[in-house]
Amino acid sequence: MRLLLDALAYIADGAHWSGPMGIARLLGQHAAYSLLAVLLAALIGLPIGWWIGHTGRGRALVVTLTGAVRALPTLGLITLFGLALGIGLAAPMIALVILALPSALAGAYSGVESVDSTAVDGARGAGMSPMQILGRVEIPLGAPIILGGLRAASLQVIATGTLAAYTGAGGLGRLMFLGLKTQDYPIMLAAAILVIALALASEAIFALLQRACAPAGSRQRRKETA
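What counts and how
Residues numbered from 1 in each chain as written. Predicted model: local features only at pLDDT ≥ 70, side-chain atom pairs only at ≥ 80, totals over all residues. Heavy atoms only, no water. Helix = DSSP H or I, 4+ residues; strand = E, 2+ residues; numbered from the N terminus. Buried < 20%, exposed > 50% of the residue type's maximum accessible area, 1.4 Å probe, protein only. Axes fitted to C-alpha atoms, helices over the stretch in contact; angles between N-to-C directions. Left-handed = near helix turned anticlockwise from the far one by under 90°. Contact = heavy atoms within 4.5 Å. UniProt positions renumbered as here; feature names shortened; annotations may be inferred. Salt bridge = Lys/Arg side-chain N within 4 Å of Asp/Glu carboxyl O. 1 Å grid on protein atoms, 1.4 Å probe; cavity = no way out; pocket = protein on both sides within 12 Å on 5 of 7 lines; lining within 4 Å. Points joined across faces, edges and corners; volume = space filled by probe spheres on them. Nonpolar A, V, L, I, M, F, W, Y, C, P; charged D, E, K, R; others polar.

### Observations concerning unusual backbone geometry
Here's step 1: Of note in this structure, Q183 is not a glycine but carries a positive phi near 60 degrees.
Here's step 2: Its place among the elements puts Q183 in the loop between α8 (173–182) and α9 (185–213).
Here's step 3: According to the relative accessible area criterion, Q183 is exposed, its value standing at 58%.

### With respect to the packing of helix α2 (residues 23–55) against helix α7 (residues 130–160)
Each packed pair of helices is defined by two parameters, the angle between the axes and the distance between the axes.
Here's step 1: In the contact formed by α2 and α7, the axes pass within 9 Å of each other and the chain directions differ by 145 degrees. As for the relative orientation of α2 and α7, their crossing is right-handed in sense. Note on element contacts: α7 touches α2 through P130, I133, L134, E138, I139, I146, L150, A153, S154, V157 and I158, opposite H30, S34, A37, V38, A42, L46, W50 and H54.

### Examining the UniProt feature "transmembrane region" (unreviewed entry) in the chain
Here's step 1: Taken from the UniProt record, the annotation "transmembrane region" (unreviewed entry) applies to residues 31–52, 72–101, 141–167 and 187–209.
Here's step 2: A distance of 12 Å separates the end C-alpha atoms of residues 72–101, which is 80% helix and 0% strand.
Here's step 3: Counting secondary structure, residues 141–167 comes out at 74% helix and 0% strand; the distance between its end C-alpha atoms is 41 Å.

### Some remarks on the pattern of salt bridges
Here's step 1: Summed over all chains, the structure comprises four salt bridges.
Here's step 2: Residue R2 is joined to D6 by a salt bridge in which the shortest nitrogen-to-oxygen separation is 3.4 Å. Pair noted here: R2 and D6 are both in helix α1 (residues 2–12), with a separation of four residues, about one helical turn.
Here's step 3: For R2, a relative accessible area of 62% puts it in the exposed group.

### Some thoughts on empty space enclosed by the protein
Here's step 1: According to the stated counting rule, one finds one cavity of 30 Å³ or more in the structure shown.
Here's step 2: The calculated volume of the largest cavity comes to roughly 50 Å³.
Here's step 3: Contributing to the lining of the largest cavity are V69, R70, L72, T74, L77, A95, I98 and L99.
Here's step 4: Top contributing element to the lining of the largest cavity by residue count: helix α5 (residues 90–113), with three residues.
Here's step 5: Of the residues that constitute the lining of the largest cavity, the class distribution is six nonpolar, one polar and one charged.

### Regarding the packing of helix α4 (residues 74–85) against α5
Here's step 1: One way to put it is that α4 packs onto α5 with a least axis distance of 8 Å and a crossing angle of 145 degrees. For the element pair α4 and α5, the recorded crossing hand is right-handed. Each of T74, L77, I78, F81, G82 and L85 in α4 lies in contact with α5, whose residues at this interface are A90, A91, P92, I94, A95, I98 and L99.

Now the structure itself:
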């Protein structure tokens, strides 16, 4: 309990929020790195996932590859890329994008595949092209599941983003490494609490986005069953 109180006191102390090692700076870096990694993973994974979900081609191969990627140790990847690229943000960013990619891909193709075939057949019968069906029917109707994949990716990246400090890139991991080096465990716990808070904020934002993107019919059914 004493350790927790000391960690909360560290966070509450305004003096610890400013400066190069201030909480505000490190928290902002951590959030920015995480957001960038998820955006890059989305730019790569969503189009591929949408194509797989729409055509049904390559699903087994992608599932196998993403399963293998999930098994890769992120710290090992950062070390490997760090040796090749040197210190800085490049090595952890590549590793974090690789970490986020499987969830983004899975959410994308699962969301498109989940769309009721009746809606797709109706759109096809109305003369829509395959790209129009994908863009106007499958992606909008599958948006909650697609966002669910990005939600999972964001949570994984935020939790693992502390390793960016391993190559001197900054973020809340700097407090963790500093606390470990100096045996200042309240600082380490404070950094962990801040990471948890950032993850919870991300969860809340994605939950609101999923709710907002849910088709009107499904929202109405939830209200009726509530």
